[in-house]
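Chain residues, written in single-letter form:
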Amino acid sequence: MKNHLGYFLFLLLITSCTPPAPPPADEGATDEQTWWKEGILYQIYPQSFKDSDGDGFGDFRGVLEKLDYVESLGVTMVWMNPFFASPLVDNGYDVADYRAIHPRYGTMADFQAMLDGFHERGIKFVLDVVVNHSSDQHAWFQASRSSRANPYRDYYHWWPAEKGEPPYRFSFFDPEGAWEYDSLSNAYYLHTFAAAQPDLNWENPKVRQEVYDIMKFWAEKGVDGFRMDAFQYASKDTTWPEFPEGHEREVIKWYGMRPQLHDYLKELYREVIAPYGVFAVAEGAGSTFQDAHDLVDADRQELQTAYHFDYVSMAKTPDGYALADFKDVFTRWDSAFAEKGWLAIFLSNHDNSRLVNRYGNPSPAFRIPSTQMLHTFLLSMRGTPYTYYGDEIGMTNIDMPNIEEYVDVAAKGEYRAALAAEEDLDEFMRLLNYRSRENSRTPMQWDTTYQAGFTTGDPWKKVNANHQSINVAAQDQDPASILNHFRAMTKVRRENPVLVYGRYELIQREHPDIYAFTRSWEGDKMLVLLNFSDAPASIELNAMAGFENIVINYYPSLQTDGPRLSLEPYQAVICKIE
Ligand code: GLC
């Protein structure tokens, strides 16, 4: 526990007299050591993790029951999706009160107990901050829409209807676009996501101050970091120019990363990040490496890290992806950040379908090794690795072929768009069934009891029928399980800073099946070999020795013949080499 009073008196002293000191010239070097670079993050989707009171929704007391489990994973950070007061149009990404907890998750005391429980186990806590937009039920929006003269009018973006229709703006969730007409004041308001998620006006300094105050409120409760939701879109060009036809093919370029955003982030850094010693990760990293550096380089004094979506967009259909593209994406981003700056990396989260379905092989023969291989990859790359709940046991997609079963606002919006465009709806549903984010929101599979041990009531979302074979209890004591491989990998990463800070070097880019690379740092060198194929594959590695110093291998052996190494389907191996 932090000593809050002493800390705040100290802060008052330093922040009232001096601005944060400029960083030393080399600050921001990739191998400069900090806890959030060394961290291993586990993402908890709270409504689906563990229900303690039988109402069918996961809650804080449920997480409390599972703290020892989370600790046993060897992770050092937890990011929890939003749990604030909300009408839940977008499962909590529509916040009605940023300082209040939705009752289904528990009380503030429950939150504090959970936070303390994480801290007692040495696990940092990252809060989701959803401030590109609020809920339309937020008191600010209710006041804002009530009349054009209301003092909160400028908290949101309004277009008076007497000026005619506003220039088109793209909406992620609404095929009709981002302006919604509101008859109460005869004006349109902007919503980059659903109509129930009006965009806050970041150009208004009062709005920014409100956000900093909210972040301070949670920092004072002891949270260690913030995930800035959809943040690259926060600043808008409020002259509302017409955008060219087809511009929405490059959404980030047209809608994201306006120059003013950086001024606001510097302000946020001065107000919250520096004085509270917290860190922040941006969802999205712009559309160029320069954008990403501008967000996260330490000497910019803005955010500390970010994650991009390039590898997500490559795996959107059941047809899979090319290993060469996968290698290229990771290699390009790594080299762009080899000297300076830091990124987070992930392959799955609450906005995508399950890890093994997208990047691995969910068939019964290969689900286990391919998931183990993907964990080996993520936990041996540079960048803070993010693992989504359930992936540590290899949970899979569910089958939802009918649109009526979907509750997700994004899926419904996409379906309306497909209908309007007269697309082939069978094909649309086939793809949605594969890529929908509902796939990854099913309840955590703890055991084989009623509702997989998630709840004693009716779960808010159907439990995957495969919980009879895929669950924590079945894997916990099995040394060959995905779960125990994940634990072994987090241990290896924690014990080997070379896997955190080491230089990454790709080997044999053109190899069709094997992704091979080395990591080197301060005299240590590790070789990582990953067979992405469902057939054996081999690779010849001349001028390297030490293959017998195996650190990770979930197959009984590694076949070597001089410099030639042969891997079983989806085998992954890490060895210390000379
Ligand atoms: C982010 C969240 C997503 C949410 C959207 C709107 O992309 O990850 O779940 O729907 O923002 O807040």
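Throughout what follows, the structure given in this document is the object of discussion.

Cut-offs and rules
Residues numbered from 1 in each chain as written. Predicted model: local features only at pLDDT ≥ 70, side-chain atom pairs only at ≥ 80, totals over all residues. Heavy atoms only, no water. Helix = DSSP H or I, 4+ residues; strand = E, 2+ residues; numbered from the N terminus. Rg over C-alpha atoms; globule rule 2.2 N^0.38 Å. Buried < 20%, exposed > 50% of the residue type's maximum accessible area, 1.4 Å probe, protein only. Salt bridge = Lys/Arg side-chain N within 4 Å of Asp/Glu carboxyl O. Contact = heavy atoms within 4.5 Å. Axes fitted to C-alpha atoms, helices over the stretch in contact; angles between N-to-C directions. Parallel < 35°, antiparallel > 145°, perpendicular 65-115°, else oblique. Left-handed = near helix turned anticlockwise from the far one by under 90°. Nonpolar A, V, L, I, M, F, W, Y, C, P; charged D, E, K, R; others polar. Pairing = 2+ DSSP bridges. Patch = residues over 30% accessible without salt bridge, like charges linked within 9 Å, V, L, I, M, F, W, Y side chains within 5 Å. Areas by Shrake-Rupley, 256 points an atom, 1.4 Å probe, with all protein chains shown as cover. Lys, Arg positive; Asp, Glu negative; His and termini not counted. Charge placed at Lys NZ, Arg CZ, Asp CG, Glu CD. Core = buried A, V, L, I, M, F, W, Y, C linked by side-chain atoms within 4.5 Å. Near = heavy atom within 4 Å. Polar contact = N/O pair within 3.5 Å; in protein donor to acceptor, adjacent residues only side chain to side chain.

1. Observations concerning the overall build of the protein chain
Point 1. Looking only at helices and strands, the protein chain has 19 helices and 21 strands in total.
Point 2. For a compact globule of 578 residues, the expected C-alpha radius of gyration is about 25 Å, and the protein chain comes in at 24 Å, within 12% of that figure.
Point 3. When its C-alpha atoms are laid out on the principal axes, the protein chain stretches across 80 × 60 × 50 Å.
Point 4. Burial analysis of the protein chain (578 residues in total) assigns 59% to the buried set.

2. A few points about the pattern of salt bridges
Point 1. For the structure shown, the criterion picks out 34 salt bridges.
Point 2. Across the salt bridge formed by Glu 71 and Arg 121, the nearest N and O atoms sit 3.6 Å from each other. Residue Glu 71 is found in helix α4 (residues 67-72), and its partner Arg 121 is found in the loop between α5 (108-120) and β5 (124-129); the two are separated by 50 residues along the sequence.
Point 3. Residue classification places Glu 71 among the partly exposed positions, given a relative accessible area of 39%.
Point 4. Of the residues examined, Arg 121 reaches a relative accessible area of 24% and is grouped as partly exposed.
Point 5. In this structure, Glu 540 engages Arg 564 in a salt bridge whose closest nitrogen and oxygen atoms are separated by 3.1 Å. Of this pair, Glu 540 sits in strand β17 (residues 537-540) while Arg 564 sits in strand β20 (residues 564-567); the two residues are 24 residues apart in sequence, bridging distant segments of the chain.
Point 6. Judged by relative accessible area, Glu 540 falls into the partly exposed class, the value being 34%.
Point 7. A single salt-bridge network, built from bridges that share partners, covers Asp 90, Asp 351, Asp 408, Arg 437 and Arg 441.

3. Some thoughts on the side chain of Ser 370
Point 1. Mapping Ser 370 onto the fold places it in helix α14 (residues 367-378).
Point 2. When near neighbours in sequence (up to four residues on either side) are disregarded, Ser 370 contacts Val 356, Gly 360, Asn 361 and Tyr 570.

4. A closer look at the packing of α14 against helix α18 (residues 482-495)
Point 1. α18 packs onto α14 with a crossing angle of 15° between their chain directions and a minimal axis gap of 10 Å. The pairing of α14 with α18 is recorded here as roughly parallel in orientation. In the crossing of α14 with α18, the sense of the turn from one axis to the other is right-handed. Along its contact with α14, which presents Arg 367, Ile 368, Thr 371, Gln 372, His 375, Thr 376 and Leu 378, the element α18 presents Ile 482, His 485, Phe 486, Met 489 and Arg 493.
Point 2. When grouped by side-chain class, the residues that make up the contact of α14 with α18 number 5 nonpolar, 5 polar and 2 charged.

5. Some remarks on the pairing of strand β1 (residues 41-44)
Point 1. On β1, burial covers both faces: Leu 41 and Gln 43 on one face and Tyr 42 and Ile 44 on the other are all buried.
Point 2. The sheet contact formed by β1 and strand β2 (residues 77-80) spans 4 bridges and is parallel. Bridge pairing in β2 places Ile 44 opposite Met 80.
Point 3. With 3 bridges connecting them, β1 and strand β13 (residues 384-388) associate as parallel partners. Looking across to β13, one finds that Leu 41 is bridged to Tyr 386.

6. Brief notes about a negative patch on the surface
Point 1. A surface patch of like charges, here negative, comprises Asp 31, Glu 32, Glu 339, Glu 522 and Asp 524.
Point 2. Assignment of secondary structure puts Glu 339 in the loop between α12 (323-336) and β12 (344-346).
Point 3. In this structure Glu 339 comes out as exposed when scored by relative accessible area, which is 66%.

7. Looking at the pairing of β2
Point 1. Residue alternation in β2 divides its side chains into two sets, Met 77 and Trp 79 and Val 78 and Met 80, and both sets are buried.
Point 2. In this structure, β2 lies alongside β5, joined through 4 bridges in parallel fashion. Paired with Met 77 across the two strands is Lys 124, which belongs to β5.

8. With respect to the nonpolar core
Point 1. Counting residues in each nonpolar core, the largest one holds 145 residues, and the members touching the most others are Tyr 42, Phe 83, Phe 125, Phe 226 and Tyr 515.
Point 2. Here the element with the most residues in this core is helix α9 (residues 259-276); it accounts for 8 residues.
Point 3. If you look at the next biggest cluster of nonpolar residues, it comprises 16 residues, including Ile 514, Ile 539, Phe 547 and Leu 558.

9. Side note on the sheet that holds strand β8 (residues 187-190)
Point 1. Taking strand neighbours across the sheet as the criterion, the 3 strands line up as β6-β8-β7 in an open arrangement whose pairing is antiparallel. The sheet terminates laterally at β6 (158-160) and β7 (179-182), the two strands that pair on one side only. Averaged over all neighbouring strand pairs, the angle between strand axes comes to 30°, with direction disregarded.
Point 2. Pairing geometry for β6 and β8, over 3 bridges, is antiparallel. The residue bridging Pro 160 from the neighbouring strand is Ala 187, located in β8.

10. A word on the site of the ligand
Point 1. The environment of the ligand is formed by Asp 90, Tyr 93, His 133, Phe 173, Phe 193, Gln 197, Arg 227, Asp 229, Glu 283, His 350, Asp 351 and Arg 437.
Point 2. Between the ligand and Arg 227 there is a distance of 3.0 Å, counted from an oxygen atom to a side-chain nitrogen or oxygen.
Point 3. Interatomic distance of 2.8 Å between a side-chain N/O atom of His 350 and an oxygen atom of the ligand.
Point 4. Contact with the protein chains covers 95% of the free accessible surface of the ligand, which is 310 Å².
Point 5. Among the residues forming the shell around the ligand, the class breakdown is 3 nonpolar, 3 polar and 6 charged.

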